[in-house]
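Residues per chain, in single letters:
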Amino acid sequence: MTTPVPVIAIDGPSGSGKGTIARRVAAALGYHLLDSGALYRLTAMAAAKRGVQLDDAEAVAKIARCLDIRFDSHADGSERIWLADEDVTHEVRKESTGAGASTVAAIPAVREALLERQRAFQKAPGLVADGRDMGTHVFTTAPLKVFLTASAEERAKRRYKQLKDKGMDVSLAALSRDIEDRDRRDSERSVAPLKPATDARMLDSSGLSIEAVTKTVLEWVAEL
Ligand code: C5P
């Protein structure tokens, strides 16, 4: 019998630091990385670019089924994201794209369409998967599931710094509102709502450094 490729699932709300921690943990372990949020973001972008309304479930699901995307990782740690032949690395991170993503993510047929695409990232030697339902739906047998949280205030501040560092023009108040709206939509949707898996390990990153959170996750990996 072949040993299954290990998956470290890292779920949590917007701005909890999942993306950063997942990236660090994957680099430390030499594992692949799945940024599942990017798939929902790219679906929303592809729909908008074709003039499809984001609440048109059937049309958006069709787009999700035949998404033409590419993630290019470079040796210096940088990454470029392509939607067909367009470099959308910058656009994919915009707050407006995140809001669109959470709208299309509430459509069951879209989630279904992206399921196998996400599972295809499970390749040797292992995968770190970051999202909202990695532990509850996509990789239910993952040997380690982490649910990362942080206070709403801290999450808004982190997101603000992240977007400012990328040169984007944002206001902290507007960002706090966006994060609250997105949390509500993600937690209240009927399919795969944001919630910890029953066997997830909870980690509150408020007041902790990126290094400290990464270290804790790596200690949990070492216990497996
Ligand atoms: O993590 P990120 O901010 O890129 O995710 C954007 C949106 O995509 C989230 O607000 C959520 O609605 C959706 N999402 C999801 N399930 C995932 C990852 C992201 O529903 N596994």
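Residues numbered from 1 in each chain as written. Predicted model: local features only at pLDDT ≥ 70, side-chain atom pairs only at ≥ 80, totals over all residues. Heavy atoms only, no water.

**A word on the nonpolar core**
Leu42, Leu67, Leu83, Val110 and Phe139 are the most contacted members of the largest nonpolar core, which has 34 residues in total. Residue contributions to this core peak at 7 residues, all from helix H2 (residues 36-49). For Val110, the residues in contact, after removing those within four places along its chain, are Tyr40, Thr43, Val60, Ala61, Ala64 and Val104. Counting 15 residues, the second-largest nonpolar core is a separate cluster that includes Val128, Val146, Leu148 and Val221. (Core = buried A, V, L, I, M, F, W, Y, C linked by side-chain atoms within 4.5 Å. Buried < 20%, exposed > 50% of the residue type's maximum accessible area, 1.4 Å probe, protein only. Helix = DSSP H or I, 4+ residues; strand = E, 2+ residues; numbered from the N terminus. Contact = heavy atoms within 4.5 Å.)

**Quick word on the site of the ligand**
What surrounds the ligand is a group of 17 residues, the closest being Arg41, Arg111, Asp133, Arg182 and Asp186. Arg182 is positioned with one of its side-chain polar atoms (N or O) 2.8 Å from an oxygen atom of the ligand. Alone, the ligand offers 450 Å² of accessible surface; in the complex the protein occludes 97% of this. Of all the secondary-structure elements, those providing two or more residues to the shell around the ligand are H2, helix H4 (95-104) and helix H8 (172-188). The greatest single-element share of the shell around the ligand, amounting to 4 residues, is contributed by H2. In terms of residue class, the shell around the ligand is built from 4 nonpolar, 4 polar and 9 charged. (Near = heavy atom within 4 Å. Polar contact = N/O pair within 3.5 Å; in protein donor to acceptor, adjacent residues only side chain to side chain. Areas by Shrake-Rupley, 256 points an atom, 1.4 Å probe, with all protein chains shown as cover. Nonpolar A, V, L, I, M, F, W, Y, C, P; charged D, E, K, R; others polar.)

**Points about the environment of Ala59**
Structurally, Ala59 can be placed in helix H3 (residues 57-65). Measuring from C-alpha to C-alpha, the distance between Ala59 and Ala47 comes to 8.1 Å, with 12 residues separating the pair along the chain.

**A few points about the packing of helix H7 (residues 152-165) against H8**
Taken N-terminus to C-terminus, the directions of H7 and H8 make an angle of 120°; their axes are 9 Å apart at the nearest point. With respect to each other, H7 and H8 are oriented oblique. Of the two elements, H7 crosses H8, and the hand of that crossing is right-handed. Between H7 and H8, the residues in contact are Arg155, Ala156, Lys157, Arg159, Tyr160 and Leu163 and Leu172, Leu175, Ser176, Ile179, Arg182 and Asp183, respectively. Tallied by class, residues from the contact of H7 with H8 come to 6 nonpolar, 1 polar and 5 charged. (Axes fitted to C-alpha atoms, helices over the stretch in contact; angles between N-to-C directions. Parallel < 35°, antiparallel > 145°, perpendicular 65-115°, else oblique. Left-handed = near helix turned anticlockwise from the far one by under 90°.)

**Thoughts on helix H5 (residues 108-119)**
Spanning 12 residues, H5 covers 17 Å between terminal C-alpha atoms, matching the ideal 16 Å at 1.5 Å per step. Restricting attention to buried positions, one finds in H5 the residues Val110, Arg111, Ala113, Leu114, Leu115 and Gln118. Turning to H5, the residues buried within the fold contact strand S2 (32-35), H2, H3, H4 and helix H6 (134-138). (Expected span 1.5 Å × (residues − 1).)

**Topic: unusual backbone geometry**
Residue Pro125 follows Ala124 across a cis peptide bond; omega there is 5°. Although it is not a glycine, Ala84 adopts a positive phi angle of roughly 55°. Tracing the backbone shows Ala84 in the loop between strand S4 (79-83) and strand S5 (86-87). Positive phi, close to 45°, is recorded for Ala192, a residue that is not glycine. On the basis of relative accessible area, Ala192 is assigned to the buried category, the value being 5%.

**Some words on the side chain of Thr214**
When you line up the elements, Thr214 lands in helix H9 (residues 210-222). Those residues in contact with Thr214, other than ones at most four positions away along the chain, are Ile21, Arg24 and Val25.

**Describing the pattern of salt bridges**
Enumeration over the complete set of coordinates arrives at 22 salt bridges. In this structure, the salt-bridge partner of Arg119 is Glu116, at a minimum N-O distance of 3.5 Å. Taken together, the residues span about one helical turn, with Arg119 and Glu116 both in helix H5 at a distance of 3 residues. As a salt-bridge pair, Arg155 and Asp183 come within 2.8 Å of each other at their nearest N and O atoms. On the criterion of sequence distance, the pair formed by Arg155 in helix H7 and Asp183 in helix H8 is long-range, its members being 28 residues apart. Per residue, the accessibility class of Arg155 equals that of Asp183, and both read buried. Through salt bridges that share partners, Lys49, Glu86 and Glu91 make up one connected network. (Salt bridge = Lys/Arg side-chain N within 4 Å of Asp/Glu carboxyl O.)

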